[in-house]
Amino acid sequence: MDDQPAQPAPRAAVGEISEVIRPAAIVPEEAARSVLVELALRDVQNGGVWQAGPSLWSRYDRPWHGPDNAAGAELIGRIHVAYGTPTKYEITIYRVTVTLFGSQLGWSVESLCDEALGHGGLRLKDCPRATLAAPPPPFRG
């Protein structure tokens, strides 16, 4: 039997609300283009509050003071995305996390997504959903 005390959860994870989006939300091509353009225009280094990369969109409470200088800006939440799936120009949203700080400000998984998706005229609840394939049959040896 292990007599060591349980390790506390990592500080970054304490109080976070994380939701796997199932089935995953699909951002259609036209909306995806609009969202990406608007998030780039609202980048934290350009006076905005978003930092959008190819797999993660992060929302902060205020702009940064230049590259790699968050200057006290607090992370509100993250949207995990996959570009080019299910088709070349679509984006799949598969996980969303709201930090403790974000939830204390009243943010939710839905409101975080809706802010980003609103630039493409969408809301999370209105996004098409990925088709879930049936699981493969069990292996019989």
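Before reading further, recall that the structure is shown in the block above.
Residues numbered from 1 in each chain as written. Predicted model: local features only at pLDDT ≥ 70, side-chain atom pairs only at ≥ 80, totals over all residues. Heavy atoms only, no water.

(A) How the structure looks around helix α3 (residues 109-117). Among the residues of α3, those classed as buried are V109, L112, C113, D114, A116 and L117. Check the buried side of α3 and you find it contacts β1 (17-27), α1 (29-41), β2 (50-52), β3 (56-60), β4 (75-83) and β5 (91-98). (Buried < 20%, exposed > 50% of the residue type's maximum accessible area, 1.4 Å probe, protein only. Helix = DSSP H or I, 4+ residues; strand = E, 2+ residues; numbered from the N terminus. Contact = heavy atoms within 4.5 Å.)

(B) Broad picture of the packing of aromatic side chains. By the definition in use, this model includes 1 aromatic pair. Here the aromatic rings of Y60 and W64 are separated by 5.3 Å at their centres, their planes lie at 80 degrees, and the arrangement is edge-to-face. For Y60, a relative accessible area of 12% puts it in the buried group. Here W64 falls in the buried class, since its relative accessible area comes to 12%. (Phe/Tyr/Trp six-rings, centres within 6.5 Å; stacked < 30°, edge-to-face > 60°.)

(C) Molecular detail of the environment of Q104. Take Q104: it is sitting in helix α2 (residues 100-104). Given the relative accessible area of 59%, Q104 is considered exposed. On a C-alpha basis, the gap between Q104 and I76 in space is 9.4 Å, while along the polypeptide they are 28 residues apart.

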